[in-house]
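# Descriptive structure summary
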Amino acid sequence: MPSRFSAVKITASAALAFSLVATAEAGMYRYTDENGRMVISNTIPQEATKRGYEILSNNGRVVETVPPAPTEEEIAAREAEKQRQKELAIQQEQDRQLLKRYSHPDQAVRAMHRKIRELEGLIQLKRGNISVISNQLDSEQRRAANIERSGGAIPEAMLEKIRRLESQIRDLEREISIQSQEIDELRADFEADIKRLEQVTGEPRTLSLDTSSEQ
């Protein structure tokens, strides 16, 4: 019959054996060192993990392969591909929305002509207003000049009217400048859409981009 001391020794031995088994089952590492030599160890240096390694079972079987850390070039390539995919998705959505508005490039050409003519009509109306106001301004300025030549004092109300007419002309000219710029921007946007529609639909436009050419 074993003594208590013997039982304690057996228990300690069993614990040690279990620890060794657990360590072995926890895995060994197989990796390449900085000199290119294959190493098998129960530890692995931090630098070696960047080169990739294998985790082995206690019987030497590979249970997991950890690939090398990506290089800066590989990371850059992955980021570039992610960006390319993002841009592709954005372009596909833009194409989808564009095709909802126009099924053929000529439809976009007609829409461009219509919008440009609307803006040109507004500009023409403002130029007409400038002509009317300019006539009023010339009349007031002549009256003021006559008063001044005769030695009289120009009434403040007349001066205020002249200033108001001059301000109205400046405002209209500024609006015309803004709308002329809007026409240029609108034309550029439409021409880009028309070109894209030709690519997406495979159909060329048959209408001229020149607004004055459409009847």
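About the thresholds
Residues numbered from 1 in each chain as written. Predicted model: local features only at pLDDT ≥ 70, side-chain atom pairs only at ≥ 80, totals over all residues. Heavy atoms only, no water. Helix = DSSP H or I, 4+ residues; strand = E, 2+ residues; numbered from the N terminus. Contact = heavy atoms within 4.5 Å. Areas by Shrake-Rupley, 256 points an atom, 1.4 Å probe, with all protein chains shown as cover. Axes fitted to C-alpha atoms, helices over the stretch in contact; angles between N-to-C directions. Parallel < 35°, antiparallel > 145°, perpendicular 65-115°, else oblique. Nonpolar A, V, L, I, M, F, W, Y, C, P; charged D, E, K, R; others polar. Buried < 20%, exposed > 50% of the residue type's maximum accessible area, 1.4 Å probe, protein only. Polar contact = N/O pair within 3.5 Å; in protein donor to acceptor, adjacent residues only side chain to side chain.

## Re the overall build of the protein
- On a plain count of helices and strands, the protein comes out with five helices and four strands.
- If you list the helices and strands of the protein from N to C, you get α-β-β-α-β-β-α-α-α.
- Look at the contacts in the protein between residues 6 or more apart in sequence, and 58% of them connect residues 24 or more apart.
- Per element, the accessible surface of the protein, about 15400 Å² overall, is 53% carbon and sulfur.

## Some thoughts on the packing of helix H3 (residues 72–101) against helix H5 (residues 156–201)
- Running from amino to carboxyl end, H3 crosses H5 at an angle of 95 degrees, the nearest separation of the two axes being 11 Å. Viewed along their axes, H3 and H5 adopt a mutual orientation that is roughly perpendicular. Here Gln91, Asp95, Leu98, Leu99 and Arg101 of H3 lie close against H5, whose contacting residues are Asp193, Arg196, Leu197, Val200 and Thr201.
- Class assignment for the residues of the contact of H3 with H5 results in four nonpolar, two polar and four charged.

## Let's talk about the environment of Arg30
- Examined against the element boundaries, Arg30 turns out to sit in strand S1 (residues 28–32).
- In this structure Arg30 comes out as partly exposed when scored by relative accessible area, which is 24%.
- Taking the C-alpha atoms as reference points, Arg30 and Glu54, separated by 24 residues in sequence, lie 5.1 Å from one another.
- Once you skip the residues sitting within four places of it in the chain, Arg30 turns out to touch Met38, Val39, Ile40, Tyr53, Glu54, Leu56 and Val62.
- A polar contact is formed between the side chain of Arg30 and the side chain of Glu54, at a distance of 2.6 Å.

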